[in-house]
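The lines below spell out each chain.
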Amino acid sequence: AAMMAAAVARRGRLGQEGRASLCSFLLGASVAALPVLLGASPSLLAAPGLRGRLALALHVAGVNAALLLIYPRPLYKIAVRACFLGFAFGCGLLLSAGRSAWRHFGWYMCSLSLFHYSEYLVTAINNPRSLSLDSFLLNHSFEYNLAALSSWVEFTLEKLFFPELKQITWLSTVGLLMVIFGDCLRKAAMLTAGSNFNHIVQNEKSDTHTLVTSGVYGWFRHPSYVGWFYWSIGTQVLLCNPICVVGYALASWRFFRERIEEEEITLIHFFGEEYLEYKRKVPSGLPFIKGVKLEL
């Protein structure tokens, strides 16, 4: 958060889209304050009865009505997505409270929602010209959405039939640390790259496109991919999902191997010997991935 604030100060004011998303995310996350307003237990979502569910439904309806009144249609599309992620983050905080059996899933909800929202916010700070609804990465790909759904199904089934498997706090803590490390590394890479970072691999070099080799790019050639790789696996360690831990590791490794090879062909075309020299000195950062095998 401090890094993002410093980036905003360095690059100037956050644009209209970024401000709308931030306000909406915080508005959605305000659901975490419901227990205080209702005088109820912090573990509101895990408690029996309809009171908590009714309060959540009214909160969602009220917030959505406010967004419709505040923002015109283009900004509303941004605001409603940011608000949804904020709401998921707030619900994750509620589930994390106390000793609920869903506590670790609450950690996961916070991690997932914050990852997707911060993708949009950092893009708004770094490269507003490339900002779009796709910057939330909510529609990343069919495979990505299927992987998320698979992890929820596995967690639910194993919680029903092997509930003790979902209460291994030390393992979930390891997963949470992996998630924090991975997301921080990815966001550090995005902020270091500045306007050079784009969610879509660029095929044409812009006038401002430079080869970034400082900061976390001095550790790894692809720190944003390294961060995402360990973040994705960490989410499944956090959930104590043994099947998806293996599945995510294999699928993520294959995806990033292909993505890195594709991107490095473009980077060699852009920067020639300068990139080849950088490639020789700095590892990709991902296990057993050396990048494209190509020389000038």
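Residues numbered from 1 in each chain as written. Predicted model: local features only at pLDDT ≥ 70, side-chain atom pairs only at ≥ 80, totals over all residues. Heavy atoms only, no water.

(A) Highlighting the packing of aromatic side chains. Tallying each qualifying case throughout the model produces 16 aromatic pairs. Their ring planes at 20° and their centres at 4.1 Å tell us that Phe-115 and Trp-231 sit as a pair that is stacked. Taken together, the residues Phe-115 in helix H6 (residues 103-126) and Trp-231 in helix H9 (residues 223-238) connect sequence positions 116 residues apart. Taking relative accessible area as the criterion, Trp-231 reaches 2% and is therefore assigned buried. Connected via pairs of aromatic rings, a cluster forms that spans Phe-115, Tyr-144, Tyr-225, Trp-228, Trp-231, Phe-255 and Phe-256. (Phe/Tyr/Trp six-rings, centres within 6.5 Å; stacked < 30°, edge-to-face > 60°. Helix = DSSP H or I, 4+ residues; strand = E, 2+ residues; numbered from the N terminus. Buried < 20%, exposed > 50% of the residue type's maximum accessible area, 1.4 Å probe, protein only.)

(B) Layout of the layout of surface pockets. Its boundaries defined by the atoms lining it, the largest pocket holds a volume of some 800 Å³. Forming the boundary of the largest pocket are 40 residues, of which Phe-197, Asn-198, His-199, Ile-200 and Glu-263 lie nearest the centre. Looking at which element gives the most residues to the lining of the largest pocket, the answer is helix H10 (residues 242-271), with 6 residues. Its residues placed into classes, the lining of the largest pocket shows 17 nonpolar, 18 polar and 5 charged. Formed jointly, the lining of the largest pocket draws a minimum of three residues from each of two domains, domain 1 (1-139) and domain 2 (141-295). (1 Å grid on protein atoms, 1.4 Å probe; cavity = no way out; pocket = protein on both sides within 12 Å on 5 of 7 lines; lining within 4 Å. Points joined across faces, edges and corners; volume = space filled by probe spheres on them. Nonpolar A, V, L, I, M, F, W, Y, C, P; charged D, E, K, R; others polar. Domains from an automatic or database assignment.)

(C) Inspection of the side chain of Lys-279 at higher detail. In this fold, Lys-279 is placed in helix H11 (residues 273-281). Summary of buried charges: Lys-279 has no salt-bridge partner, and the nearest side chain of opposite charge, Glu-264, is 4.2 Å away. If sequence neighbours within four positions are ignored, Lys-279 has contacts with Arg-221, Glu-264, Lys-290, Gly-291 and Val-292. (Lys, Arg positive; Asp, Glu negative; His and termini not counted. Salt bridge = Lys/Arg side-chain N within 4 Å of Asp/Glu carboxyl O. Contact = heavy atoms within 4.5 Å.)

(D) Here's a closer look at the packing of H6 against H9. It is at 9 Å that the axes of H6 and H9 come closest, and there the two elements cross at 160°. Between H6 and H9, the angle falls in the class roughly antiparallel. In terms of crossing hand, the pair formed by H6 and H9 is left-handed. Taken together, the residues of H9 that come into contact with H6 (itself represented by His-104, Trp-107, Tyr-108, Ser-111, Leu-112 and Phe-115) are Trp-228, Trp-231, Thr-235, Gln-236 and Leu-238. Here the contact of H6 with H9 is built from residues that sort into 7 nonpolar, 4 polar and no charged. (Axes fitted to C-alpha atoms, helices over the stretch in contact; angles between N-to-C directions. Parallel < 35°, antiparallel > 145°, perpendicular 65-115°, else oblique. Left-handed = near helix turned anticlockwise from the far one by under 90°.)

(E) Main features of the UniProt feature "transmembrane region" (unreviewed entry) in the protein. The feature "transmembrane region" (unreviewed entry), as given by UniProt, occupies residues 20-40, 52-71, 78-99 and 228-251 in the numbering adopted here. Within residues 52-71, the helical portion is 95% and the strand portion 0%, while the C-alpha atoms at the span's ends are 28 Å from each other. From the first C-alpha to the last, residues 228-251 spans 12 Å; its make-up is 88% helix and 0% strand. (UniProt positions renumbered as here; feature names shortened; annotations may be inferred.)

(F) Summary view of the nonpolar core. Judged by nonpolar contacts, the single largest core of 52 residues is most densely connected at Phe-105, Tyr-217, Trp-228, Trp-231, Tyr-275 and Leu-286. Elements that contribute at least two residues to this core include exactly helix H4 (51-70), helix H5 (73-96), H6, helix H7 (142-161), helix H8 (169-193), H9, H10 and H11. For this core, the leading source of residues is H9, giving 8 residues. The two domains that each donate at least three residues to this core are domain 1 (1-139) and domain 2 (141-295). Excluding residues within four positions of it along the chain, Trp-231 makes contact with Ser-111, Leu-112, Phe-115, Tyr-144, Met-178, Val-179, Gly-182 and Asp-183. Ranked by size, the runner-up nonpolar core spans 23 residues in total, among them Ala-29, Tyr-71, Cys-83 and Leu-85. (Core = buried A, V, L, I, M, F, W, Y, C linked by side-chain atoms within 4.5 Å.)

(G) Molecular detail of the confidence of the model for the protein. Residues at a pLDDT of 70 or more form 90% of the protein, whose mean pLDDT is 90. Per-residue pLDDT, averaged within each element of the protein, yields its smallest value for helix H1 (residues 2-11) (53) and its largest for H9 (98). (pLDDT = per-residue confidence, 0-100.)

(H) How the structure looks around the environment of Tyr-108. Note on placement: Tyr-108 falls in helix H6. For Tyr-108, a relative accessible area of 3% puts it in the buried group. The contact partners of Tyr-108, leaving out residues within four places of it in the chain, are Ser-151, Trp-152, Thr-235, Gln-236, Leu-238 and Leu-239. Of note is the side chain of Tyr-108, whose polar atom sits 2.8 Å from the side chain of Trp-152. (Polar contact = N/O pair within 3.5 Å; in protein donor to acceptor, adjacent residues only side chain to side chain.)

(I) A look at H6. The terminal C-alpha atoms of H6 lie 34 Å apart, and with 24 residues this matches the ideal 34 Å at 1.5 Å per residue to within 8%. Counted residue by residue, H6 has 23 buried out of 24 residues, so it is predominantly covered. (Expected span 1.5 Å × (residues − 1).)

(J) Representation of the environment of Leu-114 in the model. Note on placement: Leu-114 falls in helix H6. Considered as a pair, Leu-114 and Ala-88 are 26 residues apart in the sequence and their alpha carbons are 8.9 Å apart.

(K) Quick look at unusual backbone geometry. We note that Leu-137 has phi near 60°; this positive angle belongs to a residue other than glycine. One non-glycine residue, Cys-240, lies in the positive phi region at around 55°. Of the residues examined, Cys-240 reaches a relative accessible area of 5% and is grouped as buried.

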